[in-house]
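So the chains spell out like this:
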Amino acid sequence: MTAIEMQPPRLILGPVAWLRKNLFSTWYNVLLTFLALGLLYTLLRPAVQWSLTEARWGVISANLTLFMVGQYPRDQLWRVWLSIYLLGALLGLSWGIWKHAARGFALIALGAGLAFAVIGLLLNSNVWINWLLSVGILLGFYALGRILPARGRSILTLAWLLYFPLVILLIAGSRFIPFLSPVPTNIWGGLLLTLMITIIANVVSLPLGILLALGRRSKLPVVRYFSIGYIELMRGVPLVTVLFMAYLLVPLFLPLGVRPPDAVIRAIVGFILFEAAYQAENVRGGLQAVGRGQYEAAQALGLSGPLTMSFIILPQALRAVIPAIFNSFISLFKDTSLVAIIGLFDILRIGRSVLAQSEWLGTHREVFLFAFFIYWGFNMAFTYGSRRMEEAMGVGRR
Amino acid sequence: MSEIDDSQDIIISRDVHKWFDNFHVLKGINLNVKKGEVVVIFGPSGSGKSTFIRCINRLEEHQRGQIIVDGVELTNDIRNIEAIRSEVGMVFQQFNLFPHLTVLQNIMLAPSWVRRTPKEQARESAMQLLKRVGIPEQANKYPGQLSGGQQQRVAIARALAMQPKIMLFDEPTSALDPEMIKEVLDVMVELAKSGMTMLVVTHEMGFARAVASRMFFFDEGQIVESGTPDEIFKRPKEDRTKLFLSQILSH
C-alpha cells in the first residue's frame, strides 16, 4: 500500500470572501448588515461632524504640557524626557534580547513614539524632536541587544529593577545631588502623577501580595491569621476609604517630630496597601493551580522549602495568573483618578481645572474625550503588550 | 520476633504503622533491603504499597515503628529528612516533571542547588544521563513536548542526577501507553544491572521475573508473602497471592 499524502482542504482567503462569509451569507444576514450600517451612520455622523467642525481642540493643545506633567517645573522637564529615553533604551534592549516576550511592548512604544512625534509636528510643538529621539534610542538599543554577548544579557533584569527607583529619583530629585534639585510631590500632576502612582504602587504591591499569599498558606497560625485578616480587611472596604485613611492616619503612626510625608506618598501607600490584598488573592489562585505532585517531586529531590517555592511553585503559579495580575494593574491605573479626593491633580482633575480657565469655558466634551482616550490608549497598549508576553511565555506549557 | 542481623541493610523498616484518619493503611510492615538489591512490591490497589515506599523518603509520615535509611532514622528533624531525600531518588506514576523548565534544567536543578555542583559540570552529567536513558536530543525541549515514555525517562534521569544510593519507583509505567512501557522498563533493567538499590512498586511481572532479587506481596496493609521471583511465581504459598497472580497474569 502506498502512503496517502493529502493537502488539507484549502481555505478561501481574501477580503471579498471574508465579507461574503461573515456579512452576506444569507438574505437575513444581508438585511442585518445593512441595518447595522445604517444605525452606525446615524449614530456616528453627528459625533464625527462635531469633532471635525465645532469642537475646540485648542483646549487640549494649549494645555498639553499641563495635562502631561501638571505644575512640574518647566525648566526641569528634561528629567521626564530622560526617563522616557531610558525606558526606550530598556524596551529596545529587552526586545533585542528577550525577543518575543518583549516585542509587543516594544512595538507599541515604537508606534506611540512615532504617533506622538507626528502629533507634535502637527501642533507645531518642538516635542517631535524628543519623541523621534526616543524612537531612535529604542531602535538603537534593539540593535545593540541583538549583538550583545550572552554574558552581558543577565544585566537586563537588574537594569529593569533599577529603572523604577532611578526614575523616582530623577523625577523627585534629591537635596544631595546638585543638578537634581528636589521637586516636591505636591506639584507633580497630570499624566506624570497618574503614571508614577500606578508604577510605584504596582511594582511594590506585587511582591507584598506574593508574601501575603504565602502567608495565607503558612503553617504558622500567627502568620496565617494575620494574612487572612489583612486581606479580608482590605477587600472588605472601598478604595476611597483606604485612601482617606492613608491620608489621615499615616501622620499618626509616625513618631513625634518626624515630618509626615506629603499627600502623594500617602496616596501611594494607600494604593499599595489596597492593591497588595488583591494581588495576594491573584497569587493564591495561582498557587492552588500547582498540583501536589510538583511539591512532592521537589521534596523527593531534597530541595528545601524556600528553594521549592522560588524555583518550582512560584514560577508556575505566577505564570498561571499573569492575566489576573495584569488585570489588577489596569484597574489600579484607572483607580488613580480617585486621588483627586485628597487634593491631588491627576490627569482627570487637571482636566477639570482646565475647564475653569475663562477662555476654555464649555469645552467639557473635548477635555473628557481626551482623558477618555488617554486612559483607553494606555490600557489598550498595555493589554496588547501583556498578551504578547503571555503568548511568548506560554511556550512549552501546552 | 527474633533479633535479626540487619547491619548490612540500607533500608530497615520495623513494625511500620500508618493511618489515614481512622483508616489503618500500614499494619506493621517489616521490610529490609540490602545494598544492591532490587525489591519489587506488588498487590491490589489500596493495599498500602505506594504509601509504604512514600514513607521511605518521608513524603508520608509513619506513625509507629521505625524506618532507618542508610543509617539515619527518619524522625521529624527536617535536616535528617532533607539529607535522606537527597540520597533517595524517586520516580512517580505521573512523572511530575517541572513543566516550566526544559528537560536539561529539570535534571540540573537539584544538583546545582542542593549539591552546589558547578553549572558546567551539572550540565555535562545531565547530558550523560540523558544519553544513558536514550534521549539526548530532547535536552532543550519542555516536558509538554515529549511523549509519556520520554517524560518518564527524563524523570529517571532527574532522580539519578543526585547520584542517589537508593531509587524508589512508584508505579512508573502505570500511566503509560503500552508501546511506551518497554522503553521505560529497559532503562530500569539497565539500572538494576548496574547495581543500583531499587524499591519498585509495579505490576510488570516480566520486569520482576527478570531483575527482582525479592518480591513482596502486599494486601490490606500487610505483607502477605515474600520470596524470590521463582518462589513467588512457581510456588506461591498463600491463596491470596495465587488469586492475585492469576488475575494479573491471566491475559
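Everything discussed here concerns the structure shown above.
What comes next concerns the included structure. Not measured: the values here are computed from a predicted model. (Residues numbered from 1 in each chain as written. Chains lettered and ligands numbered in written order. Predicted model: local features only at pLDDT ≥ 70, side-chain atom pairs only at ≥ 80, totals over all residues. Heavy atoms only, no water.)

What follows covers the overall build of chain B. When helices and strands are tallied, chain B shows nine helices and eleven strands. A compact globule built from 251 residues would reach a C-alpha radius of gyration of about 18 Å, and chain B, at 18 Å, matches this within 12%. Among the 251 residues that make up chain B, the fraction classed as buried is 55%. Across chain B, the fraction of contacts at a sequence separation of at least 24, relative to all contacts at a separation of at least 6, is 65%. Between the mean site of the 30 positive side-chain charges and the mean site of the 32 negative ones, chain B shows a separation of 3 Å. (Helix = DSSP H or I, 4+ residues; strand = E, 2+ residues; numbered from the N terminus. Rg over C-alpha atoms; globule rule 2.2 N^0.38 Å. Buried < 20%, exposed > 50% of the residue type's maximum accessible area, 1.4 Å probe, protein only. Contact = heavy atoms within 4.5 Å. Lys, Arg positive; Asp, Glu negative; His and termini not counted. Charge placed at Lys NZ, Arg CZ, Asp CG, Glu CD.)

Another point: the interface of chain A and chain B. Contacts between the two partners involve 23 residues from chain A and, on the opposite side, 24 residues from chain B. With both sides pooled, the region where chain A packs onto chain B buries about 2100 Å², and carbon together with sulfur makes up 63% of that total. The interface formed by chain A and chain B holds five residue pairs in polar contact (both at pLDDT 80 or more) in total. For the side of chain A that touches chain B, the secondary-structure elements that each account for two or more residues are helix H14 (292–300) and helix H15 (305–320) of chain A. It is H14(A) that provides the largest number of residues to the side of chain A that touches chain B, a total of eight residues. (Buried area = accessible area lost by both parts, 1.4 Å probe. Polar contact = N/O pair within 3.5 Å; in protein donor to acceptor, adjacent residues only side chain to side chain.)

Let us look at the pattern of salt bridges. Close approach of charged atoms allows side chains of opposite charge to pair. Applying the stated criterion to the full structure yields 22 salt bridges over all chains. When the shortest N-O distance is used, the salt bridge between B:Asp239 and B:Lys242 registers 3.8 Å. With B:Asp239 and B:Lys242 both in helix H9 (residues 239–249), this residue pair falls three residues apart, about one helical turn. For B:Lys242, a relative accessible area of 40% corresponds to the partly exposed category. Salt bridges linked by common partners bring A:Arg216, A:Glu232, A:Arg235, A:Glu281 and A:Arg284 together as one network. (Salt bridge = Lys/Arg side-chain N within 4 Å of Asp/Glu carboxyl O.)

It is worth spelling out H14(A) at this point. Within the span of H14(A), buried status applies to A:Gly293, A:Gln294, A:Glu296, A:Ala297, A:Ala298 and A:Ala300. Of the surrounding elements, those touching the buried residues of H14(A) are H15 of chain A together with helix H1 (49–56), helix H2 (78–87), strand S7 (88–91) and helix H5 (148–160) of chain B.

As a further point, take the sheet that holds strand S4 (residues 38–42) of chain B. In sheet architecture, strand pairing relies on hydrogen bonds along the backbone and comes in two forms, parallel and antiparallel. All names here are of chain B. Taken in spatial order, the six strands line up as S7-S8-S9-S4-S10-S11 in an open sheet, and their pairing is mixed. On the outer flanks of this sheet lie S7 and strand S11 (222–227), each paired with one strand and no other. With strand direction ignored, the average angle separating the axes of adjacent strands in the sheet is 15 degrees. By the bridge criterion, four bridges tie S4 to strand S9 (residues 197–201) in an arrangement that is parallel. When the bridges of S9 are listed, Val39 appears paired with Leu199. Together, S4, S7, strand S8 (166–170), S9 and strand S10 (214–219) form the strand contacts of H1, whose direction differs from that of S8 by roughly 150 degrees. On the sheet, helix H6 (residues 178–193) packs against S4, S8 and S9 and is oriented at approximately 145 degrees with respect to S9. (Pairing = 2+ DSSP bridges. Axes fitted to C-alpha atoms, helices over the stretch in contact; angles between N-to-C directions.)

Another point: the packing of helix H5 (residues 77–98) of chain A against helix H7 (residues 127–147) of chain A. Residues and elements named next belong to chain A. Between H5 and H7, the least distance of the axes is 7 Å, while the angle of their chain directions is 30 degrees. In terms of their interaxial angle, H5 and H7 are classed as roughly parallel. For the pair H5 and H7, the sense of crossing is right-handed. (Parallel < 35°, antiparallel > 145°, perpendicular 65-115°, else oblique. Left-handed = near helix turned anticlockwise from the far one by under 90°.)

Residues and elements named next belong to chain B. Following the sequence through the fold, Ser13 ends up in strand S1 (residues 9–20). The exposure class assigned to Ser13 is buried, which follows from its relative accessible area of 1%. Of the polar contacts made by the side chain of Ser13, one reaches the backbone oxygen of Leu31; its length is 2.8 Å. In contact with Ser13, other than residues within four places in its own chain, are Ile29, Asn30, Leu31, Asn32, Phe52, Gln66 and Ile67.

All names here are of chain A. Between helix H13 (residues 263–289) and H15, the shortest axis-to-axis distance is 8 Å and the interhelical angle comes to 115 degrees. Classified by chirality, the crossing of H15 by H13 is right-handed. Contacts between H13 and H15 involve Val283, Gly286 and Leu287 from the first element and Ile313, Leu314, Ala317 and Leu318 from the second. Residue classes in the contact of H13 with H15 are distributed as six nonpolar, one polar and no charged. (Nonpolar A, V, L, I, M, F, W, Y, C, P; charged D, E, K, R; others polar.)

Turning our attention to the pairing of S11(B). Residue and element names in this part refer to chain B. Note: S10 against S11, five bridges, orientation antiparallel. Counted as the bridge partner of Met215 is Gly227 from S11. In this structure, the hairpin formed by S10 and S11 is closed by a connection of two residues, where Glu220 is found at a positive phi of approximately 50 degrees.

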